[in-house]
Amino acid sequence: MLSLPEARRISVASQGFGPRPATPSLGHVRRLAARLHAFQIDSVNVLARAHYVPAFARLGPYPMNALDSLAYRRRELFEYWGHAACLLPISLYPLVRYRMHAQETQEYLRSEHGTYMAEVYAEVAERGPIAAAELSSPGRRSGNWWGWGAGKATLEHLYDSGLVAIARRRGFERLYDIAERVIPKAALDAPAPPREEAMKQLICLGAKACGIGTFRDITGYLKVDGWRDRLPPGPRWERPNGPGDRRAAPIAKRLVSELVEEGRLLAAGVDGWREAAYAHPGLRVPRSVDARALVTPFDSLVWERSRIERLFGMKYTIELYVPASKRMYGYYVFPFLLGDTLVARCDLKADRQRKVLMVQSAFLEPAQDAGRVGPELADELRQLQAWLELDRIEVAERGDLAAKLRRATAGPRTRSRS
């Protein structure tokens, strides 16, 4: 049985938090990607695109173009469905092949109903990389599929099936190309494990990244046996309403039990947790964790909200989906990690026109010391401001930590984290 502080230290260290390199490099980002297995991509750009921030949280002011280089030039990362839309290490490509149903899509392309999709695929093969809006016949936007036109929906299905891939982005717009021109040949040719074995390997990766976690934590990390995994193959618009559109029965509980029997996962417990926990063999409990980081709402540390409450006692939601009048903490709120726990949270925004890092609220977590947290948070904000190439920090009045933070950001820096 692990104590809660031990579980916190394990979890924070397993997520790659700790002392930062003096000069973060592309190599550091590569190793971090191999450790976390996924950087979540999201369209929100209040501070910076979500997938760039987790590496800063762990490494400090790394060159932001390192992530783009690994993904879109070196092809060491690829875009696909992990926890959500993510950048994944290319080593995971064989493990997610079971999600693609490529054979069924190829059969559909050869069918009478698949004529339009075959035309879209042929155009991508001829003209790619290409955006959905650049298709010769992109189709009109509709009320279905998030307002996509037929062309966008078709490209997304081809992407889901692994026949096309994301070659790069123009701003945030996806540019599609055939998989053979994006995914390295070694990954395309690598044998894909059988479906259940691939799922097991992804669960083990999730357990290793979590350090210690419940069934939901370790299976949800890479969404193993989630709704996408259980959908029937084929384009969504071709599925009949009724039994043919039903998701497959979940199997992850059986897979986790088998992994424990096989010795690939260890059953464990954490003091105060109602559910059983699991860990990867070889787990070690750090004596301490010297971490300091502002954690984006899309960081893998905070993907599972119930886990954040279990580990850190923080009730956390992304309030950007909440009406402004009902928000408790703000629009785009970052938990602040100090040592092995979350000690505060602040609502951040980059005003690029004025070149200002705006702290729109700052709240201290219960039982935390503002005299300790304020200066550390101020130093971290200064590093973030410099990394984003902003000129200054503005701290608004909202929150019980705001006044102290405003004074701290106006004073000298306290210490380096490298």
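For the structure itself, look to the data block above.
### Overview of the overall build of the protein
Alright, step 1. When its secondary structure is counted, the protein shows 15 helices and 13 strands.
Alright, step 2. Compactness check: the protein gives a C-alpha radius of gyration of 23 Å against a globular reference of 22 Å for 418 residues, within 12% of the reference.
Alright, step 3. Counting only C-alpha atoms and orienting by the principal axes, one finds that the protein spans roughly 70 × 55 × 40 Å.
Alright, step 4. Every one of the 418 residues in the protein was classed for burial, and the buried ones make up 56%.

### What to know about the side chain of Lys 200
Alright, step 1. Relative to the assigned elements, Lys 200 resides in helix H10 (residues 195-210).
Alright, step 2. Using a relative accessible area of 7% as the deciding quantity, one classes Lys 200 as buried.
Alright, step 3. Looking at Lys 200, its side chain comes within polar contact range of the side chain of Glu 262, at 2.8 Å.
Alright, step 4. Lys 200 has contacts with Leu 255, Glu 258, Leu 259, Glu 262 and Arg 264, leaving out every residue within four places of it along the chain.

### A word on helix H2 (residues 26-36)
Alright, step 1. Taken as a whole, H2 has its buried residues at Leu 26, Gly 27, Val 29, Leu 32, Ala 33 and Leu 36.
Alright, step 2. Buried residues along H2 sit against strand E1 (39-40), helix H3 (53-59), helix H4 (65-73), strand E2 (77-81), strand E3 (85-89) and H10.
Alright, step 3. Count one or two residues on from H2 and you reach His 37, which has phi positive near 75 degrees.

### Observations regarding the packing of helix H7 (residues 115-127) against helix H8 (residues 150-160)
Alright, step 1. Two elements in contact, H7 and H8, have axes whose closest approach is 10 Å; the angle formed by their N-to-C orientations is 75 degrees. With respect to H8, the axis of H7 lies roughly perpendicular. From H7, Tyr 116, Met 117, Val 120, Tyr 121 and Val 124 reach across to H8, where they touch Ala 150, Gly 151, Thr 154, Leu 155, His 157 and Leu 158.
Alright, step 2. Grouping the amino acids of the contact of H7 with H8 by side-chain chemistry returns 8 nonpolar, 3 polar and no charged.

### Regarding the pattern of salt bridges
Alright, step 1. Summed over all chains, the structure comprises 30 salt bridges.
Alright, step 2. The closest approach of N and O atoms between Arg 174 and Glu 156, which form a salt bridge, is 2.7 Å. Taken as a pair, Arg 174 in strand E5 (residues 173-178) and Glu 156 in helix H8 lie far apart in primary sequence, 18 residues in all.
Alright, step 3. Glu 156 gets classed as buried once you look at its relative accessible area, which sits at 5%.
Alright, step 4. Between Glu 394 and Arg 354 there is a salt bridge, with its nearest N and O atoms 2.8 Å apart. Of the two residues, Glu 394 is situated in strand E13 (residues 392-395) and Arg 354 in the loop between strand E11 (341-351) and strand E12 (356-364); the sequence distance between them amounts to 40 residues.
Alright, step 5. The partly exposed category is assigned to Arg 354, whose relative accessible area is 38%.
Alright, step 6. A single network of salt bridges, built from pairs that share partners, joins Glu 196, Glu 197, Lys 200, Arg 254, Glu 258, Glu 262 and Arg 264.

### Points about the layout of surface pockets
Alright, step 1. If you add up the space inside the largest pocket, you get close to 1,400 Å³.
Alright, step 2. Contributing to the lining of the largest pocket are 48 residues, with Trp 81, Trp 148, Glu 156, Arg 174 and Arg 228 lying nearest its centre.
Alright, step 3. Mapped onto the lining of the largest pocket, the elements with two or more residues apiece are E2, H8 and E5.
Alright, step 4. With 5 residues, the top contributor of residues to the lining of the largest pocket is H8.
Alright, step 5. The class makeup of the residues in the lining of the largest pocket is 22 nonpolar, 12 polar and 14 charged.
Alright, step 6. Taken as a whole, the second largest pocket holds about 480 Å³ of empty space.
Alright, step 7. Contributing to the lining of the second largest pocket are 29 residues, with His 83, Gly 220, Lys 223, Trp 303 and Glu 304 lying nearest its centre.

### Remarks on the sheet that holds E3
Alright, step 1. Pairing in this open sheet of 3 strands is antiparallel, and the strands run E1-E3-E2 from one edge to the other. The two strands at the open ends of the sheet, each matched to only one other strand, are E1 and E2.
Alright, step 2. Summarising the sheet, E2 and E3 pair through 5 bridges and their orientation is antiparallel. Bridged to Tyr 80 within E3 is Cys 86.
Alright, step 3. Here H4 sits on the sheet in contact with E1, E2 and E3, set at roughly 80 degrees to E2.

### Focus: the sheet that holds strand E9 (residues 292-294)
Alright, step 1. Taken together, the 5 strands give an open sheet; going across it, the order is E9-E10-E11-E12-E13, and neighbouring strands pair in mixed fashion. Two strands in the sheet have a free side with no partner beyond their single neighbour: E9 and E13. Ignoring which end each strand starts from, the neighbouring axes of this sheet average 30 degrees apart.
Alright, step 2. Taken together, the 3 bridges between E9 and strand E10 (residues 333-338) define a ladder with antiparallel strand orientation.

### Points about the side chain of Thr 409
Alright, step 1. In this fold, Thr 409 is placed in helix H15 (residues 402-410).
Alright, step 2. A polar contact is formed between the side chain of Thr 409 and the backbone oxygen of Arg 406, at a distance of 3.0 Å.
Alright, step 3. Residues within four places of Thr 409 in sequence aside, it is in contact with Ala 378, Leu 381, Arg 382, Ile 393 and Val 395.

### Digging into the environment of Ala 34
Alright, step 1. Looking at the secondary structure, you find Ala 34 in helix H2.
Alright, step 2. Look at Ala 34 and you get partly exposed, because its relative accessible area is 47%.
Alright, step 3. Taking the C-alpha atoms as reference points, Ala 34 and Ser 91, separated by 57 residues in sequence, lie 8.7 Å from one another.

### What to know about empty space enclosed by the protein
Alright, step 1. In total, this model carries 1 cavity of 30 Å³ or more according to the counting rule given.
Alright, step 2. Size it by volume and the largest cavity reaches roughly 60 Å³.
Alright, step 3. As for the largest cavity, its lining consists of Phe 78, Glu 79, Tyr 80, Tyr 93, Met 100, Tyr 159, Gly 162, Val 164, Ala 165, Ala 179 and Ile 183.
Alright, step 4. Only E2 and strand E4 (164-170) provide two or more residues apiece to the lining of the largest cavity.
Alright, step 5. A per-element tally of the lining of the largest cavity places E2 first, with 3 residues.
Alright, step 6. By residue class, the composition of the lining of the largest cavity is 9 nonpolar, 1 polar and 1 charged.

Rules behind the numbers
Residues numbered from 1 in each chain as written. Predicted model: local features only at pLDDT ≥ 70, side-chain atom pairs only at ≥ 80, totals over all residues. Heavy atoms only, no water. Helix = DSSP H or I, 4+ residues; strand = E, 2+ residues; numbered from the N terminus. Rg over C-alpha atoms; globule rule 2.2 N^0.38 Å. Buried < 20%, exposed > 50% of the residue type's maximum accessible area, 1.4 Å probe, protein only. Polar contact = N/O pair within 3.5 Å; in protein donor to acceptor, adjacent residues only side chain to side chain. Contact = heavy atoms within 4.5 Å. Axes fitted to C-alpha atoms, helices over the stretch in contact; angles between N-to-C directions. Parallel < 35°, antiparallel > 145°, perpendicular 65-115°, else oblique. Nonpolar A, V, L, I, M, F, W, Y, C, P; charged D, E, K, R; others polar. Salt bridge = Lys/Arg side-chain N within 4 Å of Asp/Glu carboxyl O. 1 Å grid on protein atoms, 1.4 Å probe; cavity = no way out; pocket = protein on both sides within 12 Å on 5 of 7 lines; lining within 4 Å. Points joined across faces, edges and corners; volume = space filled by probe spheres on them. Pairing = 2+ DSSP bridges.

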